[in-house]
Each structure stands twice: as structure tokens, then as C-alpha cells.
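Descriptive structure summary
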Amino acid sequence: MATATAPATPSSLQRLGRIVQDNPIIPLIILLCALVGLLQILQPGIFNERWVGNTVRFAIPLAMLAACQTLTMLTGGIDLSAAVIATISAFVVSTMTPLIGPYPAMVVALIAAVLMGIINGFGIGICRVHPLIMTLGTSLIGTGCLQVYQRYVINTGSVIPEVLEWLGTQRLIGQVPNALFLFIPFAALILWGLRRTGFGRLLYALGANEKATRLSGVRSWQVLIALYVLSGLIAGITGLLYVGIIRAPSLSLANGLMLPSVAAAVIGGTSIFGGRGFYSGTIVGALILTVLNTLLTLLQIPEGARGILFGAIILIVTAVYVRITDQS
Amino acid sequence: MTATLARHGWALGLLAVLVILLVSTRIIQPNFGASGLDSLARAALPFAFATVGMAIVVIAGGIDLSIASIMAVAGVIAAVLMQQMGDANAGWAVLIVLLAGVGMGAINGALIVITRVPDIVVTLAMLFVWEGVALLILNAPGGASAQWMRALVAGGVTLPGVPIEWTSWLPNAFIVLVAIVLIIWLPLRRTKLVLSIYAIGSDQHAAFRSGVPVGLTRIAAYGLAGLFAALGGLAITLSTGIGEPIPGPYLLASVAAVVLGGVALTGGRGGLLGPIIAVFILRTLRLDLTLLSVDPNVTTIIEGAIMVAVVMVGGILAMRGRH
């Protein structure tokens, strides 16, 4: 309606819309700054190096898990098993370490993660099952397997490898969390991979128009299998990092990150229908959610109201985003 | 006759599977009888309502990830109201709960239509919202439920003038389920609304061009799903006697039953009969495995594997059909 009645010269709103469309990360950063500002007003002095370090530390596993969602959403899919895969790899690594040592345990944990990725990829790529259903199913199976597995290792106890604790909790330089040593190369790889490699472009192409992509000679099933295996691997690595941060393995360790990881990708501007999205937005989305969580805890809002606010914010941000960028 | 058979082929196949499962239950546990059927039907009741609600939105081409949270809200409203209003006024409490369910579903639908945000995202956000609402209403399990209503879904059927042995094997909960679904769905089935729901599910653009009010139909579909979710929440409260604000495992189970029940996730195809039979199949299977003293965690794995296998085979068959 607005475009039909607009004068020949673009209105300021349209111009704003165009700027936002070209640089979708700008409003996200503004929102992040606004939230931090609000936090600073409510609790003067909270904004310091230490707080920033901690916020970044807790945002990193979320951002990594949200990478699984971003990558799969680019093809029009979703990976609801990512959090369960992370939990599995975290639990396996901490229970296998006393038995076979830290590094072999990490390898075993990542093999388990990749295995789940292969099952997802097989179902989605070859059997053409809807990713939502397929990954829901594998997360159910994975949780069951984990509980059965727990029965067998109940006597071994759990040890978290030192290298993971170092990565998760310690700081080498000032307040900079060590997790950044893992995250910066990881994020750089994803950003570069999506923008510059053939695989990254194939993901966008599959999401934008799968039929056209297939007709141009792409074997989509191979891309999808590789994608879900990659997603499983990322989730597995996230699990390793997360158990180092939390330092208490459990059977539902990372499951609470499931919905926030989807939310981070969605807030970050990745279209759930595929073909549109970028990882830098997801990183800012993860930061926004972490700051928001702090804000809600600080205001001592009861758990119920926090849930309501959390949901409302996801919805409002996405709705505004859809309005601003989809003016056609 | 053959046309009917072909149309309900999948449902009939499921029915056969259910009968085989029930017979094998009898073989595993020779004294499985009326009380076993009764507890099976009562356990299946909330799952069945959740599945019917989910089936309606899936037929309309959507999905409702917040269905378990809506059930939690309805359950706690019912428990709180029944405690405050007493047994005599429990009927009014039920009416309020059902209206609340329709309202919550309609809000979901309206948000999807107004914001133009994908249904998965909207209902994911609403999952948080409704869960929060349930916690605000009742912070910890509590409340009460009317005795006479609890009796309604327990035990076997007794009809005046018919020997009790003839009817008592049929669980009340099952009759309640069938009666409610028939009362709500049968009058609707031939209306324009349900036709429109199938139309927007199979091809939204074609439906729009044929003059179907796409937005309103979508809101109505979600409202209906909310109604069934509220019935499911009510069933939970009636079977446990208290309200539980934390959502149960109904989301996954309902999606599994909808898929197993032959409703296409792409929308527009399927009915309610298949999904309801599928719920009973999944519940009976769980019962059988428990009776065989299989580890409940292994049962979860088997359930998940069945669900995945069903959708995989369905996917391959759909691809074959296209070529």
C-alpha cells in the first residue's frame, strides 16, 4: 500500500528501508547497543570489561549452535537435533576421558556427532524427509541412546578434559575469554565459506530455488548430506566447548540452547524459507539474546514473564525485520 | 465400496496394525483386559487431542510448535478454576477453558497472518509465551479437578438396560474422545471452512485466486487446533487431578502421530481418523514394550526410529509417485 501511494522521490522511510536492506546488520547492532544502554541505566557500572568478557563467553556456544541453524536454514531446512548432538558429545567426552584419555575421547564424541549428522543427511538428502521432522526424530533417538549409554558408564564417573576447561573458563589476556581462540577462526571459516566457496553458494542456491539448482546440474542430495554432517560436526564441537564452560555434564546439558539457537539465527536475519541470511547477523543475534537474558535476570522478572517477554521479543524483531526488508 | 477402501487405505492399514498390537498385548500379558484398555485409553486421551489439533493445522499447510504449551495453559486454568468454583460449576470452568483454547489458537493464527512471519517462527515464539503464561497462572503443580468430571473419563461404559459385561470393556475415555471429535468435526467436515482449510493447505495461491479468504481460514484452523489443545490440557488435568504448568512431551508425539497417520506435512492431504489410530498404535506399542520389561529409554529409541522410518518410507514413496 505504502509503495503505491508514495511520491516519485523515495520517502525517508523507504530510504531507510533500502539502507537496512543493503546492510541488514545495522539495525541489529543498534538493538544490541540499545539493550546494553538499558542495562547500564538500570544498573549503572555494570558495563565493564569483565561483564563484556562474560557475555561474550556465554554467547559463543549459542552463536556456534546457531551456525547449525543458519547453514541449514539457508537451504530452507532446520536442525532441531543440534542441541541434542551437543549434549551427546559433551556427555560422551566427559565420561570417556577417564577411560581412554582426553583426546581420544574428543574424537569419539565428534564421531558420534558426525554419525547423527549422517543419519540426518541420509533422511533429508536421499529420502527427502522434511528437515524439521527428520531432526526432531533423530533428536528423540539420540536422547534415548544417550540415556541407555549412561547406564553403561555410570561407574566410570566423569572428567572434563583440561584443555576444554581452559578453553571454557580461563582468560589468557585480560578479560578476553579463551573461547574466542576457538570461535574467531570458526566464525571466519563460516563467513568465508559462505561467501567465497562453491559449497557456500550452493547452499544459497538450493534455498533460493532447488529445482533450478538441480536442473543446472547440482546433485542436491550430496550437498544436503554434506551440510547436515557439517552441522552435526559443528554441534559436536559446540558441545565440547559448552561442557568446558558449564563444567557439569548432564543428560540435558545443551538442550536449553535449542530454541535460543533458532531464535538467534532468525533475529540475525536468516530466512527460515532459505536463500537469504548471513552468519554475522547470527553472531549479533546470539549476543542480543545473551544480553537480553542478563537484562531479564537483573530485573528479577518471574520465570513465566521472562518466557513471555522472550517470545514476544523474538516475534517483534522478526516481524519488524520482515516488514523492513521485504518491502516488495 | 472400493472407492471408500482406497480412500481410507492407509487408515485401514493402521487399524490392522493396531489390532495386531492389541492381540499381541493379550499374548504378552494374558490378563490384559478392561482395566488395561481403560488405562491405555486414558493415557492416550491427551495425546489424541493434541494430535487432532496438530493434524488440522498441518492439513492447513502450517505447524503449531506451541501446542504443548497451550495444553499446559488450558490444564492450569482448568485446575485453578475448578478449585475456586467448586464441583457444581465445573461445567462453566470447562467452557472457559475451551474458549481460552480457541482464543490462544486464534492469537497464534492472527499473529502469523498479520506479521507475515513464517508459522514455524511464530509458534516457536508463542511456545515461550504460552509456557510463561502457564507459569504465571500456576507457579507449581496445584489446583484441583471436579470429581464427577474425573469419573467421566475413567472406568468402563455402563448403559442402562444393557448387561454390564457387554459394555464395560469399552473405556469411557475412548467414548469421550470419539464423541468429542465427532461432535466438533462431523458438522464442520462438509462446510466451506474445512474445504477452505484443505484448499489453503494444498495450494495457497490457487486458493486465494479462487476466492478463499486465506488469512481468516488460517486463523480458524489455528483456533480449532487451540480448541483441541485445550481439550488435551483438560484431559491431563482430569487424569492427574492437578494442573501442571510445565508442558509435557506432546509436541513431538503429536507430530509423529500426524505423520504416521498419513497427513502430508506439505499440507492439504489426510484426515483425522488416521492420526487418531496412530496415537493408539504408538501408545499400545509403548505399553507392549513396557510389559516386555524393555528399558523405557530403549522404548523412546524405538518410538523415534519408527517415526523416522515412517517418514523416510513416506518420502521415498512420494518421490516414486512423482516420477
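This section reports on the structure supplied with the text. Since this is a predicted model, take the numbers as computed values, not measurements.

Overview of the overall build of chain A
In terms of regular secondary structure, chain A is built from 15 helices and two strands. Seen through its principal axes, chain A has C-alpha atoms that stretch 75 × 60 × 35 Å. For chain A, with 328 residues in total, the buried portion stands at 49%.

Things to note about the interface of chain A and chain B
With 37 residues of chain A in contact, the opposing surface of chain B contributes 38 residues. Residues of the side of chain A that touches chain B, tallied by class, amount to 23 nonpolar, 11 polar and three charged.

Digging into the environment of A:Thr143
With respect to the helices and strands, the residue A:Thr143 is situated in helix H7 (residues 131–153). Overall, A:Thr143 belongs to the buried group, with 21 C-beta atoms counted inside 10 Å. Linking A:Thr143 and A:Thr87, residues 56 residues apart in sequence, is a C-alpha distance of 8.8 Å. Setting aside chain neighbours within four positions, we find A:Thr143 in contact with A:Val84 and B:Thr300.

A few points about the packing of helix H4 (residues 67–85) of chain B against helix H13 (residues 250–260) of chain B
Residues and elements named next belong to chain B. Interaxial distance between H4 and H13 falls to 7 Å at its minimum, and their mutual angle equals 125°. Classified by the interaxial angle, the pair formed by H4 and H13 is oblique. Contact residues: Ile-67, Ala-68 and Met-71 in H4; Tyr-250, Leu-251 and Ser-254 in H13. When the residues that make up the contact of H4 with H13 are grouped by side-chain class, the tally is five nonpolar, one polar and no charged.

A few points about the environment of B:Pro141
Residues and elements named next belong to chain B. Residue placement: Pro-141 occurs in the loop between helix H6 (119–137) and helix H7 (147–152). Taking the C-alpha atoms as reference points, Pro-141 and Ser-196, 55 residues apart in sequence, are found 40 Å from one another. With residues up to four places along the chain from it excluded, the contact list for Pro-141 reads Ile-242, Gly-243 and Glu-244.

Topic: the environment of A:Ile324
Here A:Ile324 lies in helix H15 (residues 303–325). Along the chain, A:Ile324 and A:Leu13 lie 311 residues apart, while their C-alpha atoms are 9.2 Å from each other.

Section: the packing of helix H4 (residues 49–74) of chain A against helix H9 (residues 179–196) of chain A
In a packed pair of helices, the relevant descriptors are the angle between the two axes and the axis-to-axis distance. All names here are of chain A. Here H4 crosses H9 at 30°, and the two axes come no closer than 11 Å. Viewed along their axes, H4 and H9 form a crossing whose handedness is left-handed. Mapping the contact onto sequence places Val-56, Arg-57, Ile-60, Met-64 and Ala-67 in H4 and Ala-179, Leu-180, Phe-183, Phe-186 and Ile-190 in H9. Taken together, the residues of the contact of H4 with H9 sort by class into nine nonpolar, no polar and one charged.

What counts and how
Residues numbered from 1 in each chain as written. Chains lettered and ligands numbered in written order. Predicted model: local features only at pLDDT ≥ 70, side-chain atom pairs only at ≥ 80, totals over all residues. Helix = DSSP H or I, 4+ residues; strand = E, 2+ residues; numbered from the N terminus. Buried ≥ 20, exposed ≤ 12 C-beta atoms within 10 Å, placed from the backbone. Contact = placed C-beta atoms within 7 Å. Nonpolar A, V, L, I, M, F, W, Y, C, P; charged D, E, K, R; others polar. Axes fitted to C-alpha atoms, helices over the stretch in contact; angles between N-to-C directions. Parallel < 35°, antiparallel > 145°, perpendicular 65-115°, else oblique. Left-handed = near helix turned anticlockwise from the far one by under 90°.

Fair warning: the whole summary comes from geometry, so function is off the table for now.
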